[in-house]
Amino acid sequence: PERNNGSTTVTINVLDVNDNTPRFLSNNGRYVETVPEGIYTVASSRLITNVNPENGLLTYSITGGNTDSDFSINNAFRINPTSGEFSVGNVGLDYETQKVHYITVAAIDSGPTPRTGTVLVTVNVLDINDNNPNFNPVNYEVSIPESSSITPIVTVSAKDMDETANVVYKLVASTDSNDFTIDGASGLISSKVNALDFETKPRYVFRVTTTDGENKNELSGTATVTVNILNLRAPVFTSRNFDVTINETQDLGIVFIKVTATDDDTSGPFNQFEYYIVGDGIAPNYFEIDINTGIVRVRSSLSADDGEEYTLTARVIDNGKPPKEDTATIDITVNRVQPPRFTTPPGSEVNVREDLDPNTGIFTLPVTTTGNPVSFFLLLF
Ligand SMILES: [Ca+2]
Ligand SMILES: [Ca+2]
Ligand SMILES: [Ca+2]
Ligand SMILES: [Ca+2]
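All values derive from a computational prediction rather than experimental measurement.

**Q** Explanation requested: the coordination of the calcium ion (ligand 1) in the structure shown.
**A** The expected angle between donors at a tetrahedral four-coordinate metal is 109.5 degrees. At an octahedral six-coordinate metal it is 90 or 180 degrees. Around the calcium ion (ligand 1), the protein contributes the donor atoms Glu 37 (OE), Asp 94 (OD), Glu 96 (OE), Asp 130 (OD) and Asp 130 (OD), which lie 2.1 to 3.1 Å from the metal centre. Counting gaps between the donor residues of the calcium ion (ligand 1) yields the pattern E-x56-D-x1-E-x33-D.

Quick look at the structure:
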């Protein structure tokens, strides 16, 4: 058989197929980082390294998770596209806003058909003491009666957003705060024994602070407490209604009724009060009340009017700030003067014995009057 020898050259062009996806150098496909809150520089960043640079340069990018849960912190992290250096962004982290971030980092190779590898970076944020123990509210104002015993006044409250906070309340030392104590844990402020005496001091203003119990970088907040010792009780008339009857001829300036009130406050000026007449109609034209005693008098002759009933509204007001008060009515009935009238019928006859001694009474003539003195005269015909 004829042998034919020949040769051919077969050139096999091996196309470089990009069949290796960049893989991150991590234990099980993820990174876990722990970073304190606040702003950190690149020096505190971590480098994410790829293990398979086969297809040339890699380009890194963040593809997920780079906003916080309510989008108040966008781009919390950044990555250097060429070095893969992963770091906290300019905004920094805030433990109180978001405690854990889940970031997806991608690496894209430079193959003809680029392949992308991804990795999940879990960033746990560490709490630091960056919040003051702030009072809410920052002003407390209470009004209390005076008291000689220990009296709870008000509970102040501060909030510290830090997880490590241990809020402790303290009074800022001053003349005013010296009459009070505070429970460091609860914020309850109480008066000391014999502290709340209006005559000594009707109003206290003092400050309260908190500390957050941190050894380093201790932060504090301040509130103001105002304590007013106040008028608690109104004066009260001893009756809702006072009734009195007087004669038209009642002399001016003579006492005909005295109204009274009491005030159960334990000290002046809150238990001191004054009387006034504030109504009704024309009645105050004829009557007046003594501001201190409640004595009522006629101030203008009742003969100028023909009223038979007058109603006054009396008012009692204490010296508190603000004052408290009460009212009562005084009903005054006026007896108008009537001519005296004999009740014995005219033309009545009387039999008289002839032997009566001189100056012996014979009969009595009854007369109705309005209470005024009556004089009798014999008219001889
Ligand atoms: Ca914070
Ligand atoms: Ca914090
Ligand atoms: Ca704090
Ligand atoms: Ca009072």
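**Q** Looking at this model, I keep getting lost on the coordination of the calcium ion (ligand 2). Mind explaining?
**A** Ligation of the calcium ion (ligand 2) by protein atoms is provided by Glu 37 (OE), Glu 96 (OE), Glu 96 (OE), Asp 127 (OD), Ile 128 (O), Asp 130 (OD) and Asp 162 (OD), these donors lying 2.2 to 3.1 Å from the ion. Within one chain, the residues donating to the calcium ion (ligand 2) are spaced in sequence as E-x58-E-x30-D-I-x1-D-x31-D. The distance between the calcium ion (ligand 2) and the calcium ion (ligand 1) comes to 4.1 Å, and Glu 37 binds to both of them. Placement of the pair is Ile 128 in the loop between β7 (116-126) and β8 (134-135) and Asp 162 in the loop between β11 (158-159) and β12 (168-171), with a sequence separation of 34 residues. For Asp 162, a relative accessible area of 4% translates into the label buried.

**Q** Please clarify how the sheet that holds strand β13 (residues 180-182) should be interpreted in this entry.
**A** Strands belonging to one sheet form pairs held by backbone hydrogen bonds; the direction of such a pair is parallel or antiparallel. In space, the 3 strands of this open sheet follow the order β10-β14-β13, with antiparallel pairing throughout. Each edge of the open sheet carries a strand with a single partner, namely β10 (152-155) and β13. Looking at each pair of strands side by side, their axes are set apart by 20° on average, direction ignored.

**Q** What should I look at first to understand unusual backbone geometry in this one?
**A** Peptide bonds are mostly trans, and most non-glycine residues show a negative phi. The omega torsion of the bond from Asn 136 to Pro 137 falls at 0°, within 30 degrees of zero and hence cis. The residue Pro 137 is located in the loop between β8 and β9 (139-144) in this model. With an omega dihedral of -10°, the bond running from Gly 279 to Asp 280 counts as a cis peptide bond. Take Asp 280: it is sitting in the loop between β21 (273-279) and α1 (283-286). Look at Asn 359: it is not a glycine, yet its phi comes out positive at around 65°. Among the secondary structure elements, Asn 359 is positioned in the loop between β26 (341-342) and β27 (367-368). Classification of Asn 359 by relative accessible area gives exposed; the value is 85%.

**Q** Would you explain the pattern of salt bridges in this entry?
**A** Close approach of charged atoms allows side chains of opposite charge to pair. Counted according to the given criterion, the structure contains 8 salt bridges. A salt bridge links Arg 203 to Glu 141, with the shortest nitrogen-to-oxygen separation between them at 3.8 Å. Taken as a pair, Arg 203 in strand β15 (residues 203-211) and Glu 141 in strand β9 lie far apart in primary sequence, 62 residues in all. Exposure remark for Arg 203: the relative accessible area of 43% places this residue in the partly exposed category. Across the pair Asp 265 and Arg 233 runs a salt bridge, and its minimum N-O distance is 3.2 Å. Of the two residues, Asp 265 sits in the loop between β20 (261-262) and β21 while Arg 233 sits in the loop between β16 (220-229) and β17 (236-237), which places them 32 residues apart along the sequence.

Cut-offs used in this document
- Counting restarts for each chain: residues are numbered from 1 in the order of the written sequence.
- As they are written, the chains are lettered A onward and the ligands numbered 1 onward, keeping that order.
- For a predicted model such as this one, the threshold for reporting local features is a pLDDT of at least 70, and the threshold for listing and counting side-chain atom pairs is 80 or more; totals across whole chains, interfaces and linings nevertheless cover every residue.
- Calculated side-chain values reflect all of the structure's heavy atoms, with hydrogen atoms and water omitted.
- Counted as donors are the N, O and S atoms within 2.8 Å of the metal, or 3.2 Å for Na, K and Ca, while water is not among the atoms, so some sites may look incomplete.
- Every helix listed is a DSSP run of H or I at least four residues long, and every strand listed is a run of E at least two residues long, numbered separately from the N terminus.
- The classification of residues rests on relative accessible area computed with a 1.4 Å probe and restricted to protein chains. Under 20% of the type maximum is buried, over 50% is exposed, and intermediate values are partly exposed.
- DSSP-based pairing: two strands are paired if at least 2 bridges between them are found.
- With axes taken as lines fitted to C-alpha atoms, and helix axes fitted only over the stretch in contact, angles between N-to-C directions fall between 0 and 180 degrees.
- A carboxyl oxygen of Asp or Glu within 4 Å of a side-chain nitrogen of Lys or Arg is what we treat as a salt bridge.

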